[in-house]
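Chain and residue survey
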Amino acid sequence: MSFRISVAPPADDTLAKMRDGEPFRDELARTLAQDPYGHGSTAVKDERDRREATVHGAIVLYYVSSSVLTLTVVRLVPLP
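Report on the accompanying structure.

Conventions used here
Residues numbered from 1 in each chain as written. Predicted model: local features only at pLDDT ≥ 70, side-chain atom pairs only at ≥ 80, totals over all residues. Heavy atoms only, no water. Salt bridge = Lys/Arg side-chain N within 4 Å of Asp/Glu carboxyl O. Helix = DSSP H or I, 4+ residues; strand = E, 2+ residues; numbered from the N terminus. Buried < 20%, exposed > 50% of the residue type's maximum accessible area, 1.4 Å probe, protein only. Contact = heavy atoms within 4.5 Å. Arc of directions from axis to C-beta.

1. Things to note about the pattern of salt bridges
Any two side chains of opposite charge can pair if their charged atoms end up close together. Under the counting rule described, the total for this entry stands at 4 salt bridges. A salt bridge links Arg48 to Asp49; the nearest nitrogen and oxygen atoms lie 3.9 Å apart.

2. Some remarks on the side chain of Thr31
As for its position among the elements, Thr31 is in the loop between α2 (21-30) and β2 (42-44). Look at Thr31 and you get buried, because its relative accessible area is 9%. Ignoring anything within four residues of it in the chain, the contact list for Thr31 reads His39 and Val55.

3. Remarks on α2
Among the residues making up α2, those that are buried are Gly21, Phe24, Glu27 and Leu28. Taken around the axis of α2, the buried residues stretch over an arc of 120°, which confines them to a single face. Opposite the packed face of α2, turned more than 90 degrees from it, sit the exposed residues Glu22 and Arg30. Contacts made by the buried residues of α2 are with β1 (4-7), α1 (9-17), β3 (47-55), β4 (58-65) and β5 (70-78).

Functional significance is not addressed by these values, which are geometric in nature.
Right, dumping it as structure tokens:
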């Protein structure tokens, strides 16, 4: 089962500035979209559906909505 990936405006702005945006999206689809609670992700502030993971050289803060199979990226922090 694959989750749909949605990118909120603040994260979308960061993604637009990333020089490897398309490979980053591909890696999100390959990893977190397949298993949003896996890939080394951790719950943020003990909220199971509020998660953080490192994907393709960026820290990703995202929310998981299991009822509609959507993963919403709310913040991206590219690593140097």
